[in-house]
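# Close look at the chain arrangement
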Amino acid sequence: MAGQRITILGSGFGALSAVRELRARGCQEEITLISPRAELHYLPGTIWIPSGLRTREQLIVPLAPFFARMKVQHLAAEVTGLSPDGRSVQTTAGEVANDALVIATGGRFIKKLPGIEHAITPCEGIAAAEKIRDRLRAMQGGTIAVGFAGNPKEPTAVRGGPMFEFLFGIDAQLRREGRREQFELVFFNPSKEPGARLGAKAVAHLLAEMARRNVTTHLGHKMVRFEADKVVTEGGEFAADLILFMPGMTGNAWFDQTTLPRSPGGLLQADAQCRVPGFEHVYVVGDSGSFPGPDWMPKQAHMADLQAAAAAQNLIDGLAGRPQTAGFKAELACIIDALGTGTLVWRTEQRNLLLPPLRLMHWAKRGFEGRYLGRYR
């Protein structure tokens, strides 16, 4: 396998885990990683930006030292396409040839809802969380609406967990500031059971927590549109001075310039070994892919890490001409943080565990962040 060229697309959780997993398995091949910037933006920490617990600088990790340690060449470019055989990646900095390819460029939020420009999508990045922080500081009172929706054609392409964290975090923040009574918080979702992928216990807990915190709910009605000062659904409308909304996800725009097979929801088709069917030595991990598994299988960093480990092993075996048998387990693991406490939710195909809010879990989430980012600093 000497002299083989491996190309990895993206610099998020899945892409960086693929680098680590390849090197940990003794892969000495040349690795080129293509992404716009040599930085990791730790988006799980953006939930703490509105309260001031985190700043932009704390959540951006320059990757040059990590790339040097891992002997990775970084190409600062946008991916624009892929040759029909998968062996050449087209980018804004020219073509890059490969003998094996890992696609980990994340997902793209579906921005088709009329008036969506009136809403802030928190997981779009650090700037979105800063915008929420600044809007909250400027508001004297009013209604804050927080909600999310999915991709009807791709049940797993939804990211609801952070929206519960923004909701509970903003509630806790306003209470700390002594001005919660000036605000109404409304949670909205087209499902009557928001967060169902976390499990039935979690849904009951989340709704009870909203009631305890005096959060109004507007559930079970399909979204129609946003206006500058309101949310409109098929089941009525309500005023909103600040709207936080996470739409469902689909595939990256550059996928349209390729012949890669797509799922009904627009993601890249993947098999249980993270391979893209019909493309030799092409793998996908994380939010970019549509994988076989239970309909609750999450789009989260932990799942991307598990997929990256399987893809790395299969890539090494594939280039060596060995059978590619490594799979990944479906596992949902998250701490729903509320600024001072956290609720642990863990789900596998065998078990579904929920631990009620504990201060320890808030600190565990902060500790995990430090350990995770330590790998890349």
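This is a predicted model, so every value here is computed, not measured. One numbering rule holds for all chains: residues counted from 1, following each sequence as written. Under the rules for a predicted model, residues below a pLDDT of 70 receive no local features and side-chain atom pairs below 80 are neither given nor counted, while totals for whole chains, interfaces and linings still include all residues. Working from all heavy atoms in the structure, the side-chain values ignore hydrogens and water.

### Remarks on the overall build of the protein chain
What counts as a helix is a DSSP run of H or I of at least four residues, what counts as a strand is a run of E of at least two, and both are numbered from the N terminus. What the protein chain contains, in helices and strands, is eight helices and 24 strands. It is over C-alpha atoms that the radius of gyration is taken, and the globule rule equals 2.2 Å times the number of residues to the power 0.38. By the compact-globule yardstick of 21 Å for 377 residues, the protein chain fits well, its C-alpha radius of gyration being 21 Å. The buried label goes to any residue with under 20% of its type's maximum accessible area, the exposed label to any with over 50%, and the partly exposed label to all in between, with areas taken from a 1.4 Å probe on protein chains only. Looking at the protein chain as a whole, 58% of its 377 residues qualify as buried. Summarising the internal contacts of the protein chain: among those between residues at least 6 apart in sequence, 66% fall at separations of at least 24. Residues are treated as being in contact if the distance between any of their heavy atoms lies within 4.5 Å.

### What about the nonpolar core?
We define a nonpolar core as any set of buried Ala, Val, Leu, Ile, Met, Phe, Trp, Tyr and Cys residues linked to one another through side-chain atoms lying within 4.5 Å. With 108 residues, the main nonpolar core has Ile8, Ile103 and Ile144 as its most contacted residues. In this structure Ile8 touches Ala15, Ala18, Val19, Leu22, Ile31, Thr32, Leu33, Ile34 and Val102, once residues within four positions along its chain are discounted. Counting residues in hydrophobic clusters, the runner-up holds 14 residues, among them Ile116, Ala149, Val186 and Ala240.

### Thoughts on the sheet that holds strand β6 (residues 79-82)
Adjacent strands of a sheet pair through backbone hydrogen bonds, lying either parallel or antiparallel. Taken in spatial order, the three strands of this open sheet run β6-β7-β8, and their pairing is antiparallel. On the outer flanks of this sheet lie β6 and β8 (94-97), each paired with one strand and no other. Direction aside, the axes of adjacent strands within the sheet are offset by 30° on average. Paired strands, in this sense, are two strands between which DSSP finds at least two bridges. Relative to strand β7 (residues 88-91), β6 runs antiparallel, the two being bridged by three bridges. Among the inter-strand pairings, Leu82 is bridged to a residue of β7, identified as Val89. Orientation is described by lines fitted to C-alpha atoms, with helices fitted over the stretch in contact, and by angles between N-to-C directions that extend from 0 to 180 degrees.

### Quick notes on the pattern of salt bridges
The salt bridge criterion pairs a side-chain nitrogen of Lys or Arg with a carboxyl oxygen of Asp or Glu, the two atoms within 4 Å. As enumerated under the stated definition, the model contains 22 salt bridges in all. For Asp99, the salt bridge identified is with Arg5, shortest N-O distance 3.1 Å. Residue Asp99 is located in the loop between β8 and β9 (100-103), and its partner Arg5 is located in strand β1 (residues 5-9); the two are separated by 94 residues in the primary sequence. Using a relative accessible area of 19% as the deciding quantity, one classes Asp99 as buried. Residue Arg5 is classed as partly exposed on the basis of its relative accessible area, which comes to 32%. Among the salt bridges present, the one from Arg54 reaches Glu369, with a minimum N-O distance of 2.8 Å.

### Structural notes on the sheet that holds strand β22 (residues 332-337)
Taken in spatial order, the three strands of this open sheet run β22-β23-β24, and their pairing is antiparallel. Of all the strands in the sheet, just β22 and β24 (352-358) have a single pairing partner and so form its edges. Taking the axes of each pair of neighbouring strands and ignoring which way they run, one obtains an average angle of 10° across the sheet. Alignment of strand β23 (residues 342-347) against β24, held across five bridges, turns out to be antiparallel. Across the sheet, the residue bridging to Val345 is Leu354, located in β24. This element, helix α8 (residues 359-374), spans β22, β23 and β24 of the sheet and lies at about 115° to β22.

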